[in-house]
Structure formats: structure tokens, C-alpha cells
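# Summary of the model geometry
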Amino acid sequence: MSGVNLLELRNVSKTFVSGFLFFRRKVVAVDKVSFSIPGEKPTAFVLAGESGSGKSTIARIILRFIKPDEGEVLYRGRNILALNSKELLLYRREVQAVFQDPYSAFNPVYPVDHILSITARRMGVAQGKEVDEVIDEALVSVGLRPEEVRGKYPYQLSGGQRQRVLLARALIPRPKLIVADEPVSMLDASLRAEILNLMLDLKAKHGVSFLYITHDLSTASYVGDCIAVLYKGSLVEMGPIDDVISSPYHPYTQLLMSSIPVPDPSRRWQERVTAPEVSAARGPVSGCKFYDRCPLRKEECRRAPPTLKKIGNRYVACYLY
Amino acid sequence: MSLLLKIEGLTVAYESDSKRLLAVNNVDLEIFQGEIFGLAGESACGKTTLANSILRLIKPPGRIISGRVIFDGVDLLSLGEEDLRRIRWEKIAYIPQASMNALNPVVRIYDQIVDVVRAHRKDFPEEEIRRRAEELFVSVGLAPEVLKMYPHELSGGMRQRVIIAMSLSLNPKLLIADEPTTALDVVVQRGILQLLKDINKKFGTTILLITHDMAVHAQIVDRLAIMYAGKIVEVGPVKDIFERPLHPYTQLLIASIPRVGEKRRLAGIPGLPPDLRNPPPGCMFHPRCPLRIQGRCERAEPALRQVSNERKVACHLYEG
């Protein structure tokens, strides 16, 4: 396995078209994005960005819900759109997903066991009596007592319990990678900490890698090993998370970092922000997408979009470097 | 500092056929003129119900059972509907959660501001409203041209600024903002928080900021109240609370916030908030409390007591 990436995106792009006839508008949701999650050891790779940056579109492409217009997604070196049926089943087993809303993922008329046993059977993990064992084992590994959860309906569980059950579901096929799209943003602080700890434990004990998609850099820095920062569909910076967070290179990453409220009243924001806010309707830009908000912009930034350059152990797309 | 809002023994219940649930349970709160007061707590702890009951916006099956809400010397709960209408928006402006999505999509921003002002001051001259709207827009960081736009032409942050400008249009004394930045990106959030702070300084508007996000409170409020299961469990200056939280719930809440760049394992809070249809006896937090005193916490409910000059806590650990 050494050397082959677990997951790799190569120049992936996706454009959505909205409107009709003369009002057609193209929205480039993902713009030539490349990154890879290494295969050697379990890694939590963070995909960070604000709303509309394309992070969930990337998740949907990886999960094969939608097809990219350009580029390819490789899983262990194989294009996920060119898998044969056997490989596809393996891919569906090894790459699992957990989403933001632990309320809407359940069918309310079935007890929560349903989603677990369906997964175990359809994925060919277990049959007959083994199914129960597999379910109990998965529930225990996410810190739930099977007797407290099994037979319960979704409305009888708390948000944190539901998100745990969904993580247990994702664990049943023994995945190598879990795509977690904002898995804690709807949970309260106390439950959030538990789910984040669980992700750390699953990585350490079960060897599961995570693609953690979030807008929240404080939770990202807690669970992540590497980070890729997206801005309007393009990667602006990528590297080991501690380095990126302690000294962000790209002006957007810098703005993002300085905007995170520090939970400490003795470390309040001192300087004022004057980042111009632009209206939602905007024309096309030819150069850097961050140009109109960038405090360090130069004339050359308008000409062509900057490409990712390697600086030390990270990548930055900015003319400053 | 003079007292602007005093809430005494406020209890709000939601009632169904057989059950009665106290969403706000015997709450006392004091908010002083000119301060930014924060109300924190996790989902369903009663923050929004408390805010709604200040302006008597509780709808059935909810009902204010008892208590007083004294604003500027007047008890809002005993006021007639017409008198209360004058207080709403003119004296107390309320920005409910997600109100930036409540702008009328087919009416220009300016006309929506005119509507608000005219609803309260029929005789306000058009010229005066326009002048005031333009002034306010500059104060909230929007170009006056935005007045001519429709809501869909604005970003989320801009719409929130419009809402804040509207809420200030009649120069209220108290601004209640419920989760004003929750759906916004961090960069935009910072701008809005800075704006609230500016308004507080520039116009002397007292602000009641409600959010579950402790980091937001740490950044902008002066004093903070922590709510749990319908009760205020701790009140004090925000700096003191973060430095030395007294109530075990506050301690755990603060310990469960991830901080950028810190890898120390987060604590979380074991267990779940109580089912308010069947609340536990004694202290609401005792089933989850690591510091509970056996034989005491599950029997008697602790009162919110003054423990030092500016701090109050409802916990048996601090009773002699």
C-alpha cells in the first residue's frame, strides 16, 4: 500500500448552471481542486471554507452523488468513476459518510436499528444472527450502550446520540475513510466535544481516516492533521494544520484566523476589521477570486488566477509568494 | 449604573393536555443601562423563551405564569396591549433568530424601513425618515445605495446589517439580539459583533445578546448569565466567569470549547439535559454534576445567591 494515496483529487471542477434561457448563470462551485489523503497512516484531512466555498460539492463528488465536469477522483489509485461492480461495492464499503443533520438522516417510522441492520446486510458485512453482533459492536465503539439505543425511535434519542448512531452506522462496513460534512455544527458544545473525541479515537483505534469538512477552524484544529482552505471553489492554502493555523500565509487564511472569536475575555479583538462586504450579485473575475476583499492586493492579482505553489511543507495560491 | 430591565420570578410554562413544562423557571435578572449583557446556554435551555417573554411574545400553548418584567420602572407584564405596542420597537427592539431571512423579498429595503417607522410614528415626515435611514446605514457600515436594493441582492451579513439598522430606526433603549451571527461565516460574524459594540458605544444602546456560542460572549459582552434547564445558574462579569467559573455546569461548558491550536482533550459534559416534563428533584444539574453533594443536591433546589460583589451562583457548593 505504501506510496499510494488513500484518496486523491486531480483538478476536479464542477459548474452548476442556474436560471433559464437569457437568465442563465454559471456558478463555478469547484475550480480545479487537487489534494490527497495519504494512505500510510490514518489521517484527518480538513476541508475548510465559508458557506458557498464548494466544500460540500467536493464531498458529494467523492461520494459519487454527482459527477465532476473535469478532473478525476482516485481511491487507492483507481478512478472512482471507472470501478467495476465488485470494486464499487468495496468502495461503497470503505468510504462512508456522516452529515450535518443527525435529525433528518433517519426514517422516523423505523427504530434506529433499521439503518444499522440494513447497512450490515446490504454491505455484505454480516447475515443472520451475526447482524446483531455487528450492530452491538459498532454501537459500543461509539460509546453507546446497545440496550439503551436498540429498539428506540429517532425522536427518543438526543442529537448527540443520533450522531453517534450515524457514526456507528458508518463504522459497520469497516471503512477506511469517513467523509464527515459538518458533523458537529448542529450539536451543543458539550455534545460536540464528545463527537470530536470520538473521531480522534476512531482514527487512533480503528485506523479510520477522515475528510472533515467544516467552516469551524477551532474544531478543525482539534481533530485535524492537514488542512486545505477553500475560497469560492479554489484551494488557497494547504498544509499541516498546526503550521497553517499558527502562521497562515494566504491573506484569506489570515483573515479567517483573525476572525475566529477566542473564548477568552482577556484576549479580545483589538484592531478593527474593515473588510469590504460585497453584494451577492457579482460579475465574473478574471484574476484572484479574493481580489476584492484582499487587504494586500496588487495590480497583477487581477490578471490571472494564482496557482498553488509549494513553499516549504505547504501550498499557497497567492502572488505574494 | 442605573437599572434598565429587572426580571423578577419570571416563570413561563408550555402546557399540553396533561403535562406542564417550565421553559423559564423562576428567573431573576437585572440589566443595567448601557451594558452589553450576554445570555448563554445550550439548545432548549430557555434563552429564546426568556427573550420572548420580555416583550410578551409568548404564544399558546406557552403562557407566562408568574413574575414581573420591569422596564424603566414599568411592569411590562401588566401593561395594556396598546401601551405595550408603543414599547415594542420604540423602546425595546428585538432581533429574533434568523430575522435576516424575514425581510420581504419583493419590497425595496427603504420601503421596509418606512413601514417600520410609520407603524409607530404615523406623522413622521418622509424626508426625515430618509435622512435617518441614510444616517443609520452609514453607522451600520452599509452604503446608502443599499436602501434602493431588494433583499436578494444582499449577502447574509448585509441583510443582518439592514435588520440592525431597522431595529435602531426608532432609537430604542434596549436591543435584544437572539443568535444574530449564528448562520454567518466567521469573517462576517466578526463584523457584526464589532457593529453591535459600536452601536452600544455610539448610541448608548443597552444590548441583550443571546447566543449559545461562549466565544462570542467572551469577545463582546460585559456581563454574562448562564442558563440551564430554564434557570439562571450563574451571573457575573464575563471576565470573572471565564477566569473562575463557579457553577460546575459553567466549568464544564467552558472546558468543552475547542480553542484553535490547542490539542488538550476536551471534556464534554456527560449525560443529557433533563426532560423538563419530568424534571429531576433538587438541583436540575445534579444528575450530571461531578461535584454533587450526596444527600443535598438531589433534595433541595439551590437558590441564585450573591456570592461576591458582582457574582451570583445557584449551587449548594457555595452555601456556607
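Residues numbered from 1 in each chain as written. Chains lettered and ligands numbered in written order. Predicted model: local features only at pLDDT ≥ 70, side-chain atom pairs only at ≥ 80, totals over all residues. Heavy atoms only, no water.

### Some details on the overall build of chain A
Scanning chain A from N- to C-terminus turns up ten helices and twelve strands. For 321 residues, the compact-globule estimate of 2.2 N^0.38 gives 20 Å, and the C-alpha radius of gyration of chain A, at 21 Å, lies within 12% of that figure. Among the 321 residues that make up chain A, the fraction classed as buried is 50%. Within chain A, residue pairs in contact and separated by at least 24 positions form 65% of the contacts whose partners lie at least 6 positions apart. Between the averaged position of the 44 positive side-chain charges in chain A and that of its 34 negative side-chain charges there is a distance of 5 Å. (Helix = DSSP H or I, 4+ residues; strand = E, 2+ residues; numbered from the N terminus. Rg over C-alpha atoms; globule rule 2.2 N^0.38 Å. Buried < 20%, exposed > 50% of the residue type's maximum accessible area, 1.4 Å probe, protein only. Contact = heavy atoms within 4.5 Å. Lys, Arg positive; Asp, Glu negative; His and termini not counted. Charge placed at Lys NZ, Arg CZ, Asp CG, Glu CD.)

### Some points on the pairing of strand S6 (residues 95-98) of chain A
All names here are of chain A. Of the two faces of S6, the one lined by Val-95 and Ala-97 and the one lined by Gln-96 and Val-98 are each fully buried. Bridging between S6 and strand S7 (residues 177-181) involves four bridges; their strand directions are parallel. If you follow Val-98 over to S7, its bridge partner there is Ala-180. (Pairing = 2+ DSSP bridges.)

### Details of the interface of chain B and chain A
With 48 residues of chain B at the contact, the number on the chain A side is 47 residues. Taking both partners together, chain B and chain A bury about 4000 Å²; carbon and sulfur atoms supply 54% of that area. Put simply, chain B and chain A have two salt bridges between them. Residues Arg265(B) and Asp201(A) are paired through a salt bridge, measuring 3.2 Å at the closest nitrogen-oxygen approach. Linking chain B with chain A are 16 residue pairs in polar contact (both at pLDDT 80 or more). Those elements that place two or more of their residues in the side of chain B that touches chain A are helix H5 (156-167), helix H6 (186-203), helix H7 (214-220) and helix H8 (238-243) of chain B. The element that contributes the greatest number of residues to the side of chain B that touches chain A is H6(B), accounting for ten residues. When its residues are assigned to classes, the side of chain B that touches chain A shows 21 nonpolar, 13 polar and 14 charged. (Buried area = accessible area lost by both parts, 1.4 Å probe. Salt bridge = Lys/Arg side-chain N within 4 Å of Asp/Glu carboxyl O. Polar contact = N/O pair within 3.5 Å; in protein donor to acceptor, adjacent residues only side chain to side chain. Nonpolar A, V, L, I, M, F, W, Y, C, P; charged D, E, K, R; others polar.)

### Some words on the nonpolar core
Judged by nonpolar contacts, the single largest core of 66 residues is most densely connected at Phe137(B), Val162(B), Ile164(B), Met214(B) and Leu224(B). Residues within four places of Met214(B) in sequence aside, it is in contact with Ala40(B), Leu224(B), Ile226(B), Phe242(B), Leu253(B), Ile254(B) and Ile257(B). By size, the runner-up hydrophobic cluster in this structure holds 63 residues, among which are Ile178(A), Met257(A), Cys301(A) and Val187(B). (Core = buried A, V, L, I, M, F, W, Y, C linked by side-chain atoms within 4.5 Å.)

### Things to note about the pattern of salt bridges
The full count for this structure, using the stated rule, is 40 salt bridges over all chains. Note that Lys298(A) is salt-bridged to Glu300(A), the shortest N-O span being 3.2 Å. Classification of Glu300(A) by relative accessible area gives partly exposed; the value is 29%. For Glu234(B), the salt bridge goes to Arg311(B), with nearest N and O atoms at 2.7 Å.

### Some points on H6(B)
Residues and elements named next belong to chain B. With 18 residues, H6 should reach 26 Å at 1.5 Å per residue; the first-to-last C-alpha distance of 25 Å fits that figure. Across the 18 residues of H6, 13 count as buried, placing the element largely inside the fold. A positive backbone phi angle near 70° is found at Gly-204, which sits one or two residues after H6. (Expected span 1.5 Å × (residues − 1).)

### Remarks on the packing of aromatic side chains
Following the criterion strictly, the structure yields eleven aromatic pairs over all chains and no others. Arranged with centres 5.3 Å apart and planes meeting at 65°, the rings of Tyr249(B) and Phe285(B) form a pair that is edge-to-face. Residue Tyr249(B) is located in helix H9 (residues 248-255), and its partner Phe285(B) is located in the loop between H9 and strand S11 (305-306); the two are separated by 36 residues in the primary sequence. When sorted by exposure, Tyr249(B) lands in the same class as Phe285(B), which is buried. Taken together through their ring pairs, the aromatic side chains of Tyr231(A), Tyr252(A) and Phe290(A) make up a single cluster. The side chain of Arg297(A) reaches across the aromatic face of Tyr291(A), ending 5.1 Å from its centre. Of note, Arg314(A) hangs over the ring of Tyr249(A), and the distance from its end group to the ring centre comes to 3.7 Å. (Phe/Tyr/Trp six-rings, centres within 6.5 Å; stacked < 30°, edge-to-face > 60°. Lys NZ or Arg CZ within 6 Å of the ring centre and 35° of its normal.)

### Observations regarding the environment of Leu255(A)
Note that Leu255(A) resides in helix H10 (residues 251-259). Sequence separation of Leu255(A) and Cys294(A) is 39 residues, and the distance between their C-alpha atoms is 8.9 Å. What Leu255(A) contacts, discounting residues up to four positions off in sequence, is Phe290(A), Arg293(A) and Val187(B).

### Details of the sheet that holds strand S1 (residues 3-15) of chain B
Residues and elements named next belong to chain B. Pairing in this open sheet of four strands is antiparallel, and the strands run S2-S1-S4-S5 from one edge to the other. Every interior strand has two partners, whereas the edge strands, strand S2 (20-32) and strand S5 (74-75), have only one. As paired elements, strand S4 (residues 62-71) and S5 share two bridges and run antiparallel to each other. Looking at the pairing, Phe-71 lines up with Val-74 of S5.

### Remarks on the pairing of strand S2 (residues 25-37) of chain A
All names here are of chain A. Where strand S1 (residues 7-18) lies against S2, nine bridges are found, and the strand directions are antiparallel. Bridging from a neighbouring strand, Leu-9 pairs with Phe-35 of S2. Counting the residues between successive antiparallel strands, the hairpin from S1 to S2 contains six residues, one of them, Gly-19, with a positive phi of roughly 85°.

### Focus: the packing of helix H3 (residues 113-122) of chain A against helix H4 (residues 130-141) of chain A
Residues and elements named next belong to chain A. Remark: H3 packs on H4, axes separated minimally by 10 Å, with the N-to-C direction vectors making an angle of 120°. In terms of crossing hand, the pair formed by H3 and H4 is right-handed. From H3, Asp-113, Leu-116, Ser-117, Ala-120 and Arg-121 reach across to H4, where they touch Val-131, Ile-135 and Leu-139. (Axes fitted to C-alpha atoms, helices over the stretch in contact; angles between N-to-C directions. Left-handed = near helix turned anticlockwise from the far one by under 90°.)

### Quick word on the sheet that holds strand S5 (residues 78-79) of chain A
All names here are of chain A. On the basis of which strands lie adjacent, the open sheet formed by four strands has the order S2-S1-S4-S5 and antiparallel pairing. The sheet is open, and its two edges are formed by S2 and S5, each paired on a single side. Lying over the sheet, helix H1 (residues 55-62) contacts S1, S2 and strand S4 (70-75), oriented at roughly 115° with respect to S1.

### Quick word on the environment of Glu299(A)
Residues and elements named next belong to chain A. Residue position: Glu-299 is located in the loop between H10 and strand S11 (309-311). Under the relative-accessibility criterion, Glu-299 is labelled exposed at 52%. Separated by twelve residues in the primary sequence, Glu-299 and Gly-287 place their C-alpha atoms 9.8 Å from one another.

### Looking at the confidence of the model for chain B
Confidence along chain B averages 93 in pLDDT terms, with 100% of residues attaining 70 or more. Across the predicted assembly, pTM comes out at 0.90 and ipTM at 0.86. (pLDDT = per-residue confidence, 0-100.)

### Regarding the side chain of Thr49(B)
Residue position: Thr49(B) is located in helix H1 (residues 47-54). A residue is classified by how much of its surface remains accessible, and Thr49(B), at 10% relative accessible area, is buried.

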